[in-house]
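Spelled out from the first residue to the last, the chains are:
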Amino acid sequence: PFAALTGFDAAIAETGRLTDDRIELDEGGKQLLDEQMQAVLEKIEAQPRVTVLWFCYDERKAGGTYVSTTGHVKKVDTYTGKLLLTSGQAIPLGEIFRITPEK
């Protein structure tokens with residue numbers, strides 16, 4: 001009976017979709033992330049392969065989701081505030097939660 005309501009199914013699906021809250025790093029977490037970033041910068045010429053856990057804000061709802069992205073680092077662009085991967089993906093530096101080098 002509700003099928004006649006245009007967009008009702010989409011609205012129900014959107015309401016049921018869950019988002020996460022962004023976690024603020026404490027001082028110890030910020031220190032660890034800084035050390036991880038320095039390790040990447042020391043090897044930037046070799047385009048190190050890393051896995052980055054970062055927060056991606058949702059376009060429609062409050063919050064977002066944590067995304068794990070693996071790739072080779074091309075550049076850390078402090079001007080735009082992005083970590084650039086060779087695949088072309090740009091990850092906002094302020095949203096990075098953890099950087100893990102791949103062996």
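Above this text sits the structure in question.
As the structure is a computational prediction, the values presented were derived from the model and not from experiment. (Residues numbered from 1 in each chain as written. Predicted model: local features only at pLDDT ≥ 70, side-chain atom pairs only at ≥ 80, totals over all residues. Heavy atoms only, no water.)

### Some details on the environment of Asp 21
Line of reasoning, step 1. When you line up the elements, Asp 21 lands in the loop between helix H1 (8-16) and helix H2 (27-42).
Line of reasoning, step 2. By relative accessible area, Asp 21 is classed as exposed at 65%.
Line of reasoning, step 3. The spatial distance from the C-alpha of Asp 21 to the C-alpha of Tyr 57 is 9.2 Å, given a sequence separation of 36 residues.
Line of reasoning, step 4. Contact partners of Asp 21, with chain neighbours within four places excluded, come to Phe 55 and Tyr 66. (Helix = DSSP H or I, 4+ residues; strand = E, 2+ residues; numbered from the N terminus. Buried < 20%, exposed > 50% of the residue type's maximum accessible area, 1.4 Å probe, protein only. Contact = heavy atoms within 4.5 Å.)

### Observations regarding the nonpolar core
Line of reasoning, step 1. Counting residues in each nonpolar core, the largest one holds 13 residues, and the members touching the most others are Val 50, Val 52, Val 73, Leu 83, Ile 91, Ile 96 and Ile 99.
Line of reasoning, step 2. Secondary-structure elements contributing two or more residues to this core are H2, strand S1 (49-57), strand S2 (64-77), strand S3 (82-85) and strand S5 (96-101).
Line of reasoning, step 3. Setting aside chain neighbours within four positions, we find Ile 99 in contact with Leu 33, Gln 36, Met 37, Val 40, Val 50, Thr 51 and Val 52. (Core = buried A, V, L, I, M, F, W, Y, C linked by side-chain atoms within 4.5 Å.)

### Focus: the packing of aromatic side chains
Line of reasoning, step 1. For the structure on display, the rule yields three aromatic pairs.
Line of reasoning, step 2. Put simply, the rings of Phe 55, Tyr 57, Tyr 66 and Phe 97 pair up and form one aromatic cluster. (Phe/Tyr/Trp six-rings, centres within 6.5 Å; stacked < 30°, edge-to-face > 60°.)

### Considerations on the pairing of S2
Line of reasoning, step 1. With nine bridges connecting them, S1 and S2 associate as antiparallel partners. In the sheet register, Arg 49 faces S2, and the bridge partner there is His 72.
Line of reasoning, step 2. In this structure, the hairpin formed by S1 and S2 is closed by a connection of six residues, where Gly 63 is found at a positive phi of approximately 95°.
Line of reasoning, step 3. Relative to S3, S2 runs antiparallel, the two being bridged by four bridges. Paired with Val 73 across the two strands is Leu 85, which belongs to S3.
Line of reasoning, step 4. Between the end of S2 and the start of S3, which pair antiparallel, lie four residues, with Gly 81 showing a positive phi angle near 75°. (Pairing = 2+ DSSP bridges.)

### Notes on the pattern of salt bridges
Line of reasoning, step 1. Under the defined criterion, the tally for this structure stands at three salt bridges.
Line of reasoning, step 2. In this structure, the salt-bridge partner of Arg 22 is Glu 24, at a minimum N-O distance of 2.6 Å.
Line of reasoning, step 3. Judged by relative accessible area, which is 60%, Glu 24 ranks as exposed.
Line of reasoning, step 4. Across the salt bridge formed by Arg 22 and Glu 95, the nearest N and O atoms sit 2.6 Å from each other. Of this pair, Arg 22 sits in the loop between H1 and H2 while Glu 95 sits in the loop between strand S4 (90-92) and S5; the two residues are 73 residues apart in sequence, bridging distant segments of the chain.
Line of reasoning, step 5. Assessed through its relative accessible area of 28%, Arg 22 is described here as partly exposed.
Line of reasoning, step 6. Residues joined by salt bridges that share partners form a network here, namely Arg 22, Glu 24 and Glu 95. (Salt bridge = Lys/Arg side-chain N within 4 Å of Asp/Glu carboxyl O.)

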